[in-house]
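These are the residues of each chain, in order.
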Amino acid sequence: MQRGLVAFRRVPAAGVTDGGIALSCLAGGYKGYGLAMMVEIFCGILGDASYGPNVRKWREPGRIANLGQCFVAINPDAFAPGFRDRMSDLMDHCRGLEPAAGYDRVLVAGDPERAHMQECDENGGIPYPPHLIENMNKLASTLGVEPLKTV
């Protein structure tokens, strides 16, 4: 990893100019660094893909990205008993925390998705922006297939 790329102090986000990752106490400290390293190892090294400083920068379209992925399936029953209750307790605790300034509540993984699913159920379908529907219907016309049905 490039020298100066990782710091355990407050680092202004604007200070990262080479497409790398900057970690600070605000972004996870040593645990965040450990998780980031795990992702590099699982997705880059083990996945025979680019890793660390070799990852293509976002605005470098002339080069193949070669991004790796790693999928891990864990059976919680293979560990300590009471997983569901303990996980629910943790999620309830997190949701009950004081939200950051400018936010009305603390969300945990899955909360935004559940809210979106509820919105879709209430609206009778998935909301798409009008310009996307127009473009998809133009494509449908070009391909000679039925346009989207909207509700």
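All values derive from a computational prediction rather than experimental measurement. (Residues numbered from 1 in each chain as written. Predicted model: local features only at pLDDT ≥ 70, side-chain atom pairs only at ≥ 80, totals over all residues. Heavy atoms only, no water.)

1. As for the overall build of the chain
Selection criterion: Starting at the N terminus, helices and strands are each numbered in turn, a helix being any DSSP run of H or I of at least four residues and a strand any DSSP run of E of at least two. Type-normalised accessible area, obtained with a 1.4 Å probe on protein chains alone, sets the label of each residue: buried when under 20%, exposed when over 50%, and partly exposed for intermediate values. Contacts between residues were defined by any pair of non-hydrogen atoms, one from each residue, lying within 4.5 Å. We get accessible surface area from the Shrake-Rupley algorithm with a probe of 1.4 Å; when it comes to residues, only the shown protein chains can shield them.
Each helix and strand in the chain was counted, giving four helices and zero strands. Across the 151 residues of the chain, 12% fall into the buried class. When contacts within the chain are restricted to residue pairs at least 6 apart in sequence, those whose partners lie at least 24 apart make up 16%. Per element, the accessible surface of the chain, about 12800 Å² overall, is 59% carbon and sulfur.

2. Some points on helix 3 (residues 111–123)
Keep this limit in mind: Multiplying 1.5 Å by the residue count of a helix minus one yields the expected span of that helix.
Over its 13 residues, helix 3 extends 18 Å from the first C-alpha to the last, a length consistent with the 18 Å expected when each residue adds 1.5 Å. Note on helix 3: the residue one or two positions beyond its end, G124, has a positive phi of about 80°.

3. Let's talk about helix 4 (residues 130–143)
Over its 14 residues, helix 4 extends 20 Å from the first C-alpha to the last, a length consistent with the 20 Å expected when each residue adds 1.5 Å. Taken from the residues just after helix 4, G144 is the one with a positive phi, measuring 75°.

4. Some thoughts on the side chain of D111
With respect to the helices and strands, D111 occurs in helix 3. In this structure, D111 is in contact with R95 and V106, ignoring residues within four places of it in sequence.

5. With respect to a nonpolar patch on the surface
Note the cut-off: Like charges are joined within 9 Å and nonpolar side chains (Val, Leu, Ile, Met, Phe, Trp, Tyr) within 5 Å, but only among residues with over 30% relative accessible area and no salt bridge; these make up the patches. Basic side-chain nitrogens of Lys or Arg form a salt bridge, by our definition, when they fall within 4 Å of a carboxyl oxygen of Asp or Glu.
Taken together, the side chains of L35, M38, I41, F42, I45, L46, Y51, V72, I74 and F79 make up a nonpolar region of the molecular surface, amounting to roughly 1000 Å² of accessible area. Positionally, L46 belongs in the loop between helix 1 (29–45) and helix 2 (83–95). On the accessibility criterion, L46 (62% relative accessible area) is exposed.

6. Digging into unusual backbone geometry
Of note, the phi angle at D48 is positive, near 50°, even though the residue is not glycine. Overall, the relative accessible area of 68% leaves D48 in the exposed class. Even without a glycine there, the phi angle at N66 is positive, about 50°. In this fold, N66 is placed in the loop between helix 1 and helix 2. Using a relative accessible area of 37% as the deciding quantity, one classes N66 as partly exposed.

7. Let's talk about the confidence of the model for the chain
Under the convention used in this document: Each residue gets a pLDDT score, which is the predictor's confidence in that residue and runs from 0 to 100.
On average, residues of the chain carry a pLDDT of 83, and 81% of them reach 70 or more. Averaged pLDDT values for the elements of the chain fall to 89 in helix 1 and rise to 96 in helix 2. For residues 1–25, every residue scores under 50 in pLDDT, and the model assigns this stretch 35 contacts once sequence neighbours within four places are set aside.

8. Section: the state of the cysteines
So the rule is basically this: When two cysteine sulfur atoms are found within 2.5 Å, that pair is recorded as a disulfide.
A full pass over the atoms with the stated rule returns zero disulfides. C43 takes part in no disulfide bond, and the closest cysteine sulfur, belonging to C70, lies 5.5 Å away. Residue classification places C43 among the buried positions, given a relative accessible area of 18%.

9. Considering the environment of V108
Among the secondary structure elements, V108 is positioned in the loop between helix 2 and helix 3. Owing to a relative accessible area of 10%, V108 belongs among the buried residues under this scheme. Spatially, the C-alpha atom of V108 lies 9.1 Å from that of D92, the residues being 16 residues apart in sequence.

10. So, the side chain of E40
Basically, it comes down to this: In this tally, Asp and Glu contribute negative charge and Lys and Arg positive charge; neither His nor the terminal groups of the chain are included.
Relative to the elements of secondary structure, E40 occurs in helix 1. Put simply, E40 is tucked away with no salt bridge, and the nearest opposite charge, on R63, sits 11 Å away.

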